[in-house]
Amino acid sequence: MKPDAMEEAYKKYHKELYLYALSLCRDETLAEDLVSETFYKGFIGSNRSEENFKYWLFRILKNHFIDLKRKKQASLTLDTYETFIPDRSAKDPSKNYLHKDRNRRLYNHLTSLEPEVYREVLYLFYYGSMSIRAISKTIGRSESHTKTTLYRARKKLGKVLKEDSYEF
């Protein structure tokens, strides 16, 4: 890949990948590391068209996160497990990108959704502007499974938003 193309791709996709990484790990430093490693791996083996390159980067990031999570879980004991999970009540790491109170609150509710696949599908659809087909490729599920998961995630997020005193 040409140096200009690498710089252009970094500028174009850095913010989306960073927010996606934050939605997965909820740790600002780890998210930055994940994005850096993703671009490094992406630029080494990049023989993709621009259309596929974005989705390929998201897939690299997710796989790298899963690898790190597996390594950390293998090395954790029950006593140290609490330190692996970031405190959700801590300062919001996405404040650099999400300035408005409404967006910040919405993002906080999104990152607290369980199970993890709900957060991931909602993030990719709304913040990553991905199609159902692209999301299904990224998470490795069928399109019908992705649609069902997106529906359930929206429903659960809607319920959480209704319970919030802030008016959305």
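Placed above this text is the structure.
Residues numbered from 1 in each chain as written. Predicted model: local features only at pLDDT ≥ 70, side-chain atom pairs only at ≥ 80, totals over all residues. Heavy atoms only, no water.

Undergrad: Sorry if this is basic, but what is going on with the packing of helix H6 (residues 116-127) against helix H8 (residues 143-163) here?
TA: Helix-helix packing is characterised by the crossing angle of the two axes and by the distance between the axes. Look at H6 against H8: their axes get within 9 Å of each other, and the N-to-C directions meet at 95 degrees. Relative to H8, the element H6 lies roughly perpendicular. Only Thr 146, Thr 149, Leu 150, Arg 152, Ala 153, Arg 154, Lys 156 and Leu 157 of H8 make contact with H6, whose side of the interface consists of Val 117, Tyr 118, Val 121, Leu 122, Phe 125 and Tyr 126. Considering only residue class, the contact of H6 with H8 consists of nine nonpolar, two polar and three charged. (Axes fitted to C-alpha atoms, helices over the stretch in contact; angles between N-to-C directions. Helix = DSSP H or I, 4+ residues; strand = E, 2+ residues; numbered from the N terminus. Parallel < 35°, antiparallel > 145°, perpendicular 65-115°, else oblique. Contact = heavy atoms within 4.5 Å. Nonpolar A, V, L, I, M, F, W, Y, C, P; charged D, E, K, R; others polar.)

Undergrad: Explain the side chain of Thr 138 to me, please; I cannot follow it from the model alone.
TA: If you trace the backbone, Thr 138 turns up in helix H7 (residues 132-139). The exposure class of Thr 138 is buried, given its relative accessible area of 2%. When residues no more than four places from it in sequence are discounted, the contact partners of Thr 138 are Tyr 20, Tyr 55, Phe 58, Arg 59, Lys 62, Leu 124 and Met 130. (Buried < 20%, exposed > 50% of the residue type's maximum accessible area, 1.4 Å probe, protein only.)

Undergrad: I keep staring at the nonpolar core and nothing clicks. Help me out?
TA: Buried together is how nonpolar side chains tend to be arranged in soluble globular proteins. Membership of the largest hydrophobic core comes to 40 residues, with the highest contact counts inside it found for Leu 17, Leu 61 and Leu 124. Of all elements in the fold, only helix H1 (3-25), helix H2 (28-44), helix H3 (50-75), helix H5 (101-111), H6, H7 and H8 reach the threshold of two or more residues within this core. Sorting elements by how many residues they give to this core places H1 first, with 10 residues. When near neighbours in sequence (up to four residues on either side) are disregarded, Leu 17 contacts Val 35, Thr 38, Phe 39, Leu 57, Phe 58 and Leu 61. (Core = buried A, V, L, I, M, F, W, Y, C linked by side-chain atoms within 4.5 Å.)

Undergrad: When you look at the side chain of Glu 120 in this model, what are you seeing that I'm missing?
TA: Checked against the element boundaries, Glu 120 lands in helix H6. On the basis of relative accessible area, Glu 120 is assigned to the buried category, the value being 4%. Glu 120 has contacts with Tyr 20, Leu 24, Lys 62 and Ile 139, leaving out every residue within four places of it along the chain.

Undergrad: Help me understand H2, please; the structure alone is not making it clear to me.
TA: Each turn of an α-helix holds 3.6 residues, which means side chains three or four residues apart point in the same direction. Taking 1.5 Å of rise per residue, the 17 residues of H2 would be expected to cover 24 Å, and the 25 Å separating its terminal C-alpha atoms lies within 8% of that figure. Looking at H2, one finds that the buried residues are Leu 30, Ala 31, Leu 34, Val 35, Thr 38, Phe 39, Gly 42 and Phe 43. One side-chain oxygen at the N-terminal end of H2 lies 3.1 Å from the backbone nitrogen of Thr 29; it belongs to Asp 27. (Expected span 1.5 Å × (residues − 1). Polar contact = N/O pair within 3.5 Å; in protein donor to acceptor, adjacent residues only side chain to side chain.)

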